[in-house]
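For reference, the chains in residue letters:
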Amino acid sequence: MTTTTGTTTTTGTDAARRAAAFLRISVALQTLTIFLQAVSAGVLLSSSHGELLHGIGARVMYGASMLYVLAAVLAWRPGGGPARPIGYASGFLVLASVQVVLGIARVPSVHVPLGVLMFGLSVLALAHHTMGAPREVRR
């Protein structure tokens with residue numbers, strides 16, 4: 001923050017920090033929703049309410065994946081960060097789309113392993129964004 005005659009203005013570095021924080025939060029939310037999908041899949045096997053819970057969770061997980069794409073774009077363009085996370089987020093959205101289609105088509109032989117893969121990739125992305133070395137803002 002810079003102060004000029006008693007007024008406070010936001011610098012580009014502050015915007016970059018906020019964008020990076022939004023990116024971390026969106027990846028954490030995505031990872032959490034995928035984990036909850038695994039839990040609801042277990043409920044699906046043992047309860048009549050599991051299908052409804054898993055269906056609602058699928059919509060929330062898909063929304064979290066779209067939020068990840070938005071956060072990656074905002075961290076890149078206005079935030080001045082690298083463009084690479086946009087590719088990761090977009091690829092993840094494609095995987096989420098395939099996962100939803102496989103779930104609707106009831107193809108558990110691919111749906112379940114893909115869910116495990118997605119959780120692992122999301123955990124890796126979360127670790128990368130939270131534990132990665134701090135980087136300077138690229139211009």
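Everything that follows concerns the structure shown earlier in this document.
Residues numbered from 1 in each chain as written. Predicted model: local features only at pLDDT ≥ 70, side-chain atom pairs only at ≥ 80, totals over all residues. Heavy atoms only, no water.

J.: Explain the side chain of S65 residue by residue, including any values.
T.: If you trace the backbone, S65 turns up in helix α2 (residues 50-76). There is a polar contact of 3.4 Å between the side chain of S65 and the side chain of Q30. Setting aside its immediate chain neighbours within four residues, S65 contacts Q30, F92, L93 and A96. (Helix = DSSP H or I, 4+ residues; strand = E, 2+ residues; numbered from the N terminus. Polar contact = N/O pair within 3.5 Å; in protein donor to acceptor, adjacent residues only side chain to side chain. Contact = heavy atoms within 4.5 Å.)

J.: Can you break down the packing of helix α3 (residues 84-104) against helix α4 (residues 108-131) residue by residue, with the values?
T.: Interhelical geometry of α3 versus α4 gives an angle of 160 degrees and a closest axis separation of 10 Å. In terms of their interaxial angle, α3 and α4 are classed as roughly antiparallel. Where α3 crosses over α4, the handedness of that crossing is left-handed. Contacts from P85, F92, L95, A96, V98, Q99, L102 and G103 of α3 reach α4 at V110, H111, L114, G115, M118, L121, S122 and H129. The residue inventory of the contact of α3 with α4, partitioned by class, reads 10 nonpolar, six polar and no charged. (Axes fitted to C-alpha atoms, helices over the stretch in contact; angles between N-to-C directions. Parallel < 35°, antiparallel > 145°, perpendicular 65-115°, else oblique. Left-handed = near helix turned anticlockwise from the far one by under 90°. Nonpolar A, V, L, I, M, F, W, Y, C, P; charged D, E, K, R; others polar.)

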